[in-house]
Amino acid sequence: MLITTEYGKIEITLQAISSIVKKVVQESYGPVNVGSPQQGFFARILGSEEKHGIKVIEELDGTLEINVELVLEYGVRIPTVVANIQENVFHRLKLLTEANNVKVNVYVVGLQD
């Protein structure tokens, strides 16, 4: 993501955006794990962000598409939790990166006690 200011250009990498998304999801109520429930301990520690369940795509028109795979806590209202996470990610990215075109897709891949 490239931002032009009066003093020059600022480049925010997709990995940095992925880190912001991961932090926002961890602060939210409901998620137990980001990514697939089948991942082992070492795969989660040593894997890339895509393996963590977060994928950030920057389209040619500057739109950011965020895909997040989540394991939610059993018993939570799934639509409410997912809508809150989408809203939190959208607003935090808008605040921190000044990105106006953000699509947040959340995929619930499992439930856990």
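Residues numbered from 1 in each chain as written. Predicted model: local features only at pLDDT ≥ 70, side-chain atom pairs only at ≥ 80, totals over all residues. Heavy atoms only, no water.

A.B. asks: Explain the pairing of strand S5 (residues 64-73) here, please?
C.D. replies: The side chains of a regular strand alternate between the sheet's two faces. Of all 10 residues in S5, eight are buried, a share of seventy percent or more. As paired elements, strand S4 (residues 54-58) and S5 share five bridges and run antiparallel to each other. The residue bridging Val 56 from the neighbouring strand is Ile 66, located in S5. What sits between the antiparallel neighbours S4 and S5 is a turn of five residues, in which Gly 62 has the positive phi angle 95°. You can see the chain leave S5, run along helix H3 (residues 78-97) and come back into strand S6 (residues 102-112), and the turn it takes is right-handed. (Buried < 20%, exposed > 50% of the residue type's maximum accessible area, 1.4 Å probe, protein only. Helix = DSSP H or I, 4+ residues; strand = E, 2+ residues; numbered from the N terminus. Pairing = 2+ DSSP bridges. Right-handed = clockwise from strand over helix to strand, strands pointing away.)

A.B. asks: So what exactly am I meant to see when it comes to the pattern of salt bridges here?
C.D. replies: Note that side chains of opposite charge can pair when their charged atoms are close. What the rule picks out here adds up to one salt bridge. Residues Glu 27 and Arg 92 are paired through a salt bridge, measuring 3.3 Å at the closest nitrogen-oxygen approach. Of this pair, Glu 27 sits in helix H1 (residues 14-27) while Arg 92 sits in helix H3, and the two are 65 residues apart along the sequence. By relative accessible area, Glu 27 is classed as partly exposed at 47%. (Salt bridge = Lys/Arg side-chain N within 4 Å of Asp/Glu carboxyl O.)

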